[in-house]
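Given next are the chains, with one letter for each unit.
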Amino acid sequence: MSIGTGTSTHIIMRLQLDVEVFSFGEIASCISAGGGDIIGVDVISSSRTQSVRDITVNVHGVKQRELISELLPKLKGVKVLQISDRTFLMHIGGKIETALKTKIKNREDLARVYTPGVANVCTAIADEPEKAYSLTIKRNTVAVISDGTAVLGLGNIGPSAAMPVMEGKAMLFKQLANVDSFPICLDTQDTEEIIRTVKAIAPAFGGINLEDISAPRCFEIEERLRQELDIPVFHDDQHGTAVVLLAGLLNALRITNKKIEDIKVVFTGIGAAGIACTKILLSAGVRNIIGIDRQGAIHRDVHYENPHWNAYAQMTNPDNLKGSLSEVIVEADVFIGVSAPGILKVEDVISMAKDPIVFAMANPQPEIDPEIAEPYVRVLATGRSDFPNQINNVLCFPGIFRGALDCRAREINEEMKVAAAQAIASVVTDEELSESYIIPSVFNDKVVERVREAVVKAANQTGVARKEPRV
Ligand SMILES: NC(=O)c1ccc[n+]([C@@H]2O[C@H](COP(=O)([O-])OP(=O)(O)OC[C@H]3O[C@@H](n4cnc5c(N)ncnc54)[C@H](O)[C@@H]3O)[C@@H](O)[C@H]2O)c1
Ligand SMILES: O=C(O)C[C@H](O)C(=O)O
Ligand SMILES: [Mg+2]
């Protein structure tokens, strides 16, 4: 399966060139005719007769890449040895590794980090289990756990295919918040087995980040683990997303000057993210939310097999609207998509109220192509990093876990989440706020620090902190 991103990407073409025959001008014209731009040329090897070169080319989609790959071999003296995509190259062998804090230089070191010295440390922990926090990786380490059932918007692609996303989350934890983490993808989709397994591996970890586990199983898995473990358990697709969404919406409403209690919000995708996002907006004061899943608006006149939808119908849709997205979205102020690609049409956006806010957050393909939607909306956001206004849980999970680990929080509660949302929103000042800047960038170094501070404060206020954090 190939993801047509619709945006540019770099490919590296390794060419074997017959020195007597080839013409670089012809190669350049051919790449340009295929719609690519040459970014760089590296000579890999050279002899009197042959030269092997890597040509890095910027292309704007899969079709251009295919066209260039077809045209180049037709040139005289040119043989295409290999075409690699930079994204794939960054994944070869995985994206993370274990690093040592101290090197074992001699026998004395060996006897300390390993047998016999290590035995004394083990006994100390056996005598006083709390010491696991000071003498093992526990205090700074989170397990990133998935069963591969709702990987981005790709669906149930299984545990092995989920690994690149989980490795990516681990990279972000480390780079943004210096939290160590392990990506763990489980080869089971059985709720009880997942709960048992996570509980069994929990002693090594200071927190559990559940990721890309589909609804409705994710609700029970998280709830039971929260009750049965004494470390924070956080389903990122529910709560991380909800926190960042609330931050983005608070700032978008500053632009459109609409009051949170007056807006009509239409959601698509009433799964893990959709239900949690709805709940956070209700507690922030939104009164009119209508949720839409595959069969249309969720209302109170039917009984759903999914018990979460019956509960959802009770807390949303005050006018008990029925029908399709196109029918329900008329005069809505805000659209929030956590569902599937391409389901929002331009006509739907046109039918919204003045100054529409559209958050098309499905990954990797949003509910509407941003380029198509842009002329019709006041504020547009997606979950992706290649458009402005990235509403993605990456703005939340590193900082929220940094804070929770630092104050050794027992759990991550509602107050900590709302504090995190306000902290993220506050990074964008009044002077900076604009239609294309409602939410700070992932690379804004104020984000993690502000979220951490707000989360530690809320944890202290709600009595779930078990330690004064180091400053
Ligand atoms: N931007 C972010 O930070 C962020 C965070 C979490 C999830 N997401 C995205 O949101 C989407 C859902 O993720 P999830 O974890 O909630 O998955 P999920 O499987 O728990 O829920 C998805 C829901 O969308 C519904 N759906 C699918 N196709 C639909 C359609 N055509 N019309 C209406 N509803 C439809 C499904 O029936 C399901 O109820 C994914 O694309 C994911 O990438 C984005
Ligand atoms: O992984 C992401 O980019 C965000 C989110 O967790 C998702 O599942 O889409
Ligand atoms: Mg996810």
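Definitions and cut-offs
- Residue numbers here run from 1 along each chain, matching the order of that chain's written sequence.
- As they are written, the chains are lettered A onward and the ligands numbered 1 onward, keeping that order.
- Per-residue local features are limited, in this predicted model, to residues with pLDDT of at least 70; the limit for side-chain atom pairs, both in listing and counting, is 80 or more; totals at the level of whole chains, interfaces and linings are taken over all residues.
- Neither water nor hydrogens contribute to the side-chain values; these are computed over all heavy atoms in the structure.
- UniProt positions are given in the numbering used here, feature names are shortened, and annotations may be inferred rather than shown by experiment.
- Here a residue is considered near a molecule or strand provided that any single heavy atom belonging to it is located within 4 Å of it.
- Think of a polar contact as two N or O atoms within 3.5 Å of one another; within protein, one of them needs to be a possible hydrogen donor and the other a possible acceptor, and neighboring residues in sequence only count if both atoms come from side chains.
- Helix numbering and strand numbering both begin at the N terminus, where a helix is a DSSP run of H or I of at least 4 residues and a strand a DSSP run of E of at least 2.
- Only nitrogen, oxygen and sulfur atoms within 2.8 Å of the metal, or 3.2 Å for Na, K and Ca, are treated as donors, and water is left out, so sites may look incomplete.
- Buried means the residue's accessible area, taken with a 1.4 Å probe over protein chains only, is under 20% of the maximum for its type, while exposed means over 50%, and partly exposed covers the values in between.
- To be clear on the numbers: accessible area is Shrake-Rupley with a 1.4 Å probe, and residue cover counts the displayed protein chains and nothing else.
- Marked domain ranges trace back to an automatic or database domain assignment.
- Strands were regarded as paired on the criterion that DSSP finds at least two bridges between them.
- Think of each axis as a best-fit line through the C-alpha atoms, taken over the contacting stretch in the case of a helix, with angles from 0 to 180 degrees between the N-to-C directions.
- We call two residues in contact when some of their heavy atoms are within 4.5 Å.

If you look the protein chain up in an unreviewed UniProt entry, it shows as NAD-dependent malic enzyme from Neobacillus pocheonensis. Quoted verbatim from the Sequence similarities (unreviewed entry) heading of the UniProt record, the comment on the protein chain is "Belongs to the malic enzymes family."

J.: Explain the site of ligand 1 to me, please; I cannot follow it from the model alone.
T.: Close contacts around ligand 1 come from 24 residues, with Thr241, Ala272, Ala273, Asp293 and Ile391 the closest. Between Asn363 and ligand 1, the recorded distance is 3.1 Å, taken from a backbone N or O atom to an oxygen atom. In this structure, an oxygen atom belonging to ligand 1 sits 2.9 Å away from a main-chain N or O atom of Asn393. Within the residue set of the shell around ligand 1, elements represented by two or more residues are helix 10 (236-256) and helix 11 (272-283).

J.: Teacher, can you tell me more about the coordination of the magnesium ion (ligand 3) here?
T.: Octahedral metal centres with six donors ideally show angles of 90 or 180 degrees, and tetrahedral centres with four donors ideally show 109.5 degrees. Those donors, Glu211 (OE), Asp212 (OD) and Asp237 (OD), are the protein atoms that reach the magnesium ion (ligand 3), and they lie 2.0 to 2.1 Å from it. Between consecutive donor residues of the magnesium ion (ligand 3), the sequence gaps follow E-D-x24-D. Separated by 25 residues along the polypeptide, Asp212 in the loop between strand 7 (207-210) and helix 9 (217-228) and Asp237 in helix 10 bring together distant segments of the chain. In terms of burial, Asp212 and Asp237 fall into one category: buried.

J.: Is there a simple way to think about the site of ligand 2 in this case?
T.: Around ligand 2 lies a shell formed by Leu152, Lys169, Glu211, Asp212, Asp237, Asn363, Asn392 and Asn393. A distance of 2.9 Å is found between an oxygen atom of ligand 2 and a side-chain nitrogen or oxygen belonging to Lys169. The contact in question runs from an oxygen atom of ligand 2 to an N or O atom on the side chain of Asp237, over 3.0 Å. Surface burial for ligand 2 is 82%, taken as the share of its 260 Å² of free accessible area covered by protein chains. There are two domains that each give the shell around ligand 2 at least three residues, and those are domain 2 (107-231) and domain 3 (238-471).

J.: What is the right way to look at the sheet that holds strand 6 (residues 180-185) in this model?
T.: In a beta sheet, neighbouring strands pair by backbone hydrogen bonds and run either parallel or antiparallel. Taken together, the four strands give an open sheet; going across it, the order is 6-5-7-8, and neighbouring strands pair in parallel fashion. Sheet topology places strand 6 and strand 8 (233-235) at the edges, where each strand pairs with a single neighbour. Each neighbouring strand pair of the sheet contributes to a mean axis angle of 20°, computed without reference to strand direction. Along the sheet, helix 16 (residues 397-406) contacts strand 5 (141-146), strand 7 and strand 8; its crossing angle with strand 7, the most-contacted strand, is approximately 160°.

J.: Hey, could you run me through the UniProt feature "domain: Malic enzyme N-terminal" (unreviewed entry) in the protein chain in this one?
T.: Mapped onto this numbering, the UniProt entry annotates "domain: Malic enzyme N-terminal" (unreviewed entry) at residues 93-226. With 46% helix and 12% strand, residues 93-226 has end C-alpha atoms that lie 34 Å from one another.

J.: Which parts of the structure should I look at to understand the sheet that holds strand 1 (residues 9-18)?
T.: If you walk across this open sheet you meet the four strands as 2-3-1-4, and the pairing is antiparallel. Looking at the sheet topology across the chains shown, the edges are occupied by strand 2 (37-46) and strand 4 (78-85). Shown here is a sheet whose adjacent strand axes are inclined to one another by a mean of 20°, direction ignored. Strands in contact with helix 2 (residues 62-71) are strand 1, strand 3 (50-59) and strand 4; relative to strand 3, the strand with the most contacts, it is inclined by about 155°.

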